[in-house]
Amino acid sequence: MGDIGVGVIGTGFMGKAHAMAYRAAAGIFPGNLKPVLQTVADVDEAAADAAARQYGFRRAVTDWRALVADPAIAIVAITTPNMFHREMALAAIAAGKHVHCEKPLAPSVAEAHEMMEAAEAANVVTQVGYNYIKNPLLSLAREMIASGELGEITSFRGIHAEDFMCDPEVPYSWRLDPQGGGGAIADIGSHIIGLARFLIGPITEVNADLATVVKSRPVGPGAAERRLIEVDDIARLTVRFARGCGGTIEANWAATGRKMQLGFEISGTKGGLVFTQERLNELSYYKAGEDPRENGFRRIEAGPQHPPYRNFCVAPGHQLGFNDLKTIEVADFLSAIEGGVRRGPDFREAWEIQKVVDSAIASSKSRAWKEVA
Ligand SMILES: NC(=O)c1ccc[n+]([C@@H]2O[C@H](COP(=O)([O-])OP(=O)(O)OC[C@H]3O[C@@H](n4cnc5c(N)ncnc54)[C@H](O)[C@@H]3O)[C@@H](O)[C@H]2O)c1
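Residues numbered from 1 in each chain as written. Predicted model: local features only at pLDDT ≥ 70, side-chain atom pairs only at ≥ 80, totals over all residues. Heavy atoms only, no water.

Engineer: Quick one: what's the story with the packing of aromatic side chains, residue by residue and with numbers?
Structural biologist: Taken as a whole and assessed by the stated rule, the structure comprises eight aromatic pairs. Judged by centre distance (6.0 Å) and plane angle (35 degrees), the ring pair of F13 and F322 falls under tilted. With F13 in helix α1 (residues 13–28) and F322 in helix α10 (residues 322–337), this pair connects stretches of sequence that are 309 residues apart. The partly exposed category is assigned to F322, whose relative accessible area is 22%. Considering the side-chain rings of F156 and F241, the 5.9 Å spacing of their centres and the 75 degrees angle between planes classify their relative orientation as edge-to-face. Highlighted residues: F156 in strand β7 (residues 153–161) and F241 in strand β11 (residues 234–241), separated in sequence by 85 residues. The buried category is assigned to F241, whose relative accessible area is 3%. (Phe/Tyr/Trp six-rings, centres within 6.5 Å; stacked < 30°, edge-to-face > 60°. Helix = DSSP H or I, 4+ residues; strand = E, 2+ residues; numbered from the N terminus. Buried < 20%, exposed > 50% of the residue type's maximum accessible area, 1.4 Å probe, protein only.)

Encoded structure:
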């Protein structure tokens with residue numbers, strides 16, 4: 001097993017998730033690359049130092065450029081706010097590093113395109129943090145759809161609803177910056193759009209209605225001064241897929257009571273599937289044509305028969321969690337770096353997702369259907 005140096009930029013929610021996943025991956029998956037937590041970077045020096053100590057990085061720095069320039073680092077993981085992704089990723093690519101970037105890839109489709117082109121020209125491996133699609137049960141759902149087990153797909157109803165922006169006193173932050181890839185559509189909508197593409201395929205047209213529920217927020221924590229909000233809290237999309245069916249997608253970060261309702265209902269002529277991340281170890285499956293007295297949705301429980309669940313646990317029903325999905329994402333990335341299958345989602349797929357996000361924003365502004373060009 002060979003060591004591979006990892007640098008993580010950012011120490012927030014995702015910085016910790018990346019650090020944990022890079023620490024865990026080699027112990028859980030049998031690949032040949034063993035990540036070594038080389039350096040963590042954060043503009044907040046105390047946060048960088050604390051992260052280095054707690055997660056086991058050899059070094060903490062405040063300047064991410066020092067991390068990118070370090071020859072001991074082969075993987076740069078970017079877990080900073082969206083507006084920094086482009087500059088950091090382009091520098092890492094120019095230095096010949098493999099890049100693991102959080103989602104959404106960039107604030108706009110033009111920036112995402114530039115990043116994708118640079119990565120492909122440099123032939124580095126890229127990975128984007130659409131971790132929810134790494135759920136073993138969603139691989140099963142994808143297989144069931146692709147094999148025709150559900151018949152012809154007639155409808156996709158997807159949602160990503162949380163309530164962390166419900167409270168009008170939640171202050172202004174980078175997630176609300178219209179130039180920085182803010183709004184529910186980019187922040188959580190990109191997850192359900194990515195999931196829709198993963199299961200059903202490309203989205204070709206979108207008709208969207210974006211709404212701002214909380215019109216102003218404090219400029220900072222506890223501030224009396226308020227700032228007008230320009231991005232959406234709720235995005236409602238009607239979509240058409242290349243395969244011919246239609247669907248709906250909702251992104252809503254002001255959904256009172258919802259903590260992680262990333263879910264879907266898929267109808268096919270021979271069956272249906274229902275899923276929510278709130279119960280991520282369960283997939284509901286309805287098979288048409290069975291004895292109507294006994295027919296109904298049945299619950300498929302995650303177990304070692306659903307790869308790569310077995311890598312974590314040999315017993316069914318013991319359940320995976322959010323951080324395990326991140327570990328699967330890292331294991332897939334390491335395997336691709338080693339020369340294995342590139343499972344992605346890579347920068348190209350993240351650019352495709354960004355096209356749908358930008359088309360939805362444009363559709364809502366013009367009150368018209370938009371082609372996802
Ligand atoms: N995949 C997922 O499920 C998921 C979940 C949450 C967030 N995200 C994404 O992860 C990214 C970060 O989100 P978060 O919730 O972790 O944010 P966060 O605010 O918790 O953390 C961001 C970190 O970046 C640091 N930072 C900011 N500017 C920096 C700079 N110039 N150099 C170095 N460090 C800098 C901050 O100090 C902070 O530690 C975003 O792109 C977000 O959309 C993904």
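Engineer: Lay out the pattern of salt bridges with the relevant residues and their values.
Structural biologist: Note on pairing: side chains with opposite charge can pair once their charged atoms come close. Applying the stated criterion across every chain yields a total of 22 salt bridges. In this structure, R86 engages E114 in a salt bridge whose closest nitrogen and oxygen atoms are separated by 2.7 Å. In this pair, R86 is assigned in helix α4 (residues 85–94) and E114 in helix α5 (residues 109–122), connecting sequence segments 28 residues apart. Residues joined by salt bridges that share partners form a network here, namely E102, K326 and E329. (Salt bridge = Lys/Arg side-chain N within 4 Å of Asp/Glu carboxyl O.)

Engineer: Let's hear about the side chain of E162: which residues, and what values?
Structural biologist: The topology assignment puts E162 in the loop between β7 and α7 (184–187). Despite its burial, E162 pairs with no opposite charge, the nearest such side chain being K103 at 8.0 Å. Separated by 2.8 Å, the side chains of E162 and H160 make a polar contact. Leave out the neighbours within four places in its chain, and E162 touches I188, N252, W253, A254, A255, R258, K259 and M260. (Lys, Arg positive; Asp, Glu negative; His and termini not counted. Polar contact = N/O pair within 3.5 Å; in protein donor to acceptor, adjacent residues only side chain to side chain. Contact = heavy atoms within 4.5 Å.)

Engineer: How would you sum up the site of the ligand? Please name residues and give values.
Structural biologist: Surveying the vicinity of the ligand reveals 28 residues, the closest of which are M14, D42, N82, K103 and N131. V43 has a polar backbone atom sitting 3.5 Å from a nitrogen atom of the ligand. Within the complex, the protein chains bury 85% of what would otherwise be the 850 Å² of accessible surface of the ligand. Contributing elements (two or more residues each) for the shell around the ligand: α1, α4 and α10. The residue inventory of the shell around the ligand, partitioned by class, reads 12 nonpolar, 10 polar and six charged. Two domains each put at least three residues into the shell around the ligand: domain 1 (2–131) and domain 2 (134–320 + 345–371). (Near = heavy atom within 4 Å. Areas by Shrake-Rupley, 256 points an atom, 1.4 Å probe, with all protein chains shown as cover. Nonpolar A, V, L, I, M, F, W, Y, C, P; charged D, E, K, R; others polar. Domains from an automatic or database assignment.)

Engineer: With reference to specific residues and values, describe the sheet that holds strand β14 (residues 271–276).
Structural biologist: Across a sheet, paired strands are connected by hydrogen bonds in the backbone, their directions being either parallel or antiparallel. Here nine strands make up an open sheet; going across it, the order is β16-β15-β14-β13-β7-β12-β11-β8-β17 and the pairing mixed. Single-partner strands in this sheet number two, and they are β16 (298–301) and β17 (370–371). Sheet strands touched by helix α11 (residues 347–366): β8 (203–211), β11 and β17. Its angle to β8, the strand with the most contacts, is close to 55 degrees. (Pairing = 2+ DSSP bridges. Axes fitted to C-alpha atoms, helices over the stretch in contact; angles between N-to-C directions.)

Engineer: Go over the pairing of strand β5 (residues 98–101) with me, naming the residues and quoting the values.
Structural biologist: Every second residue of β5 is oriented toward a common face, with H98 and H100 on one face and V99 and C101 on the other, all of them buried. In this region the chain leaves strand β4 (residues 75–78), passes through α4 and returns to the parallel neighbour β5; the handedness of that crossover is right-handed. Pairing of β5 with strand β6 (residues 126–128) involves three bridges; the strand directions are parallel. Across the sheet, the residue bridging to C101 is V128, located in β6. Taken together, β5, α5 and β6 constitute a β-α-β crossover, and its handedness is right-handed. (Right-handed = clockwise from strand over helix to strand, strands pointing away.)

Engineer: Describe the packing of helix α8 (residues 189–200) against α11, naming the residues involved and giving the relevant values.
Structural biologist: Helix-helix packing: each pair is described by the crossing angle between the helix axes and the interaxial distance. Where α8 contacts α11, the two axes come as close as 9 Å, and the packing angle between them is 115 degrees. Regarding α8 and α11, the two cross each other, and that crossing is right-handed. Of the residues in α11, those in contact with S190, I193, G194 and R197 of α8 are E349, E352, I353, V356 and V357. Broken down by class, the residue content of the contact of α8 with α11 amounts to four nonpolar, two polar and three charged. (Left-handed = near helix turned anticlockwise from the far one by under 90°.)

Engineer: Kindly report on unusual backbone geometry, identifying the contributing residues and their values.
Structural biologist: The step from K103 to P104 runs through a cis peptide bond, and the omega angle for that step is -15 degrees. Inspection of the secondary structure assignment puts P104 in the loop between β5 and α5. One non-glycine residue, N123, lies in positive phi territory at about 55 degrees. Tracing the chain through its elements places N123 in the loop between α5 and β6. A relative accessible area of 55% means that N123 is categorised as exposed. At R367, a position not held by glycine, the phi torsion is positive, near 55 degrees. Note on placement: R367 falls in the loop between α11 and β17. By relative accessible area, which is 57% here, R367 ends up exposed.

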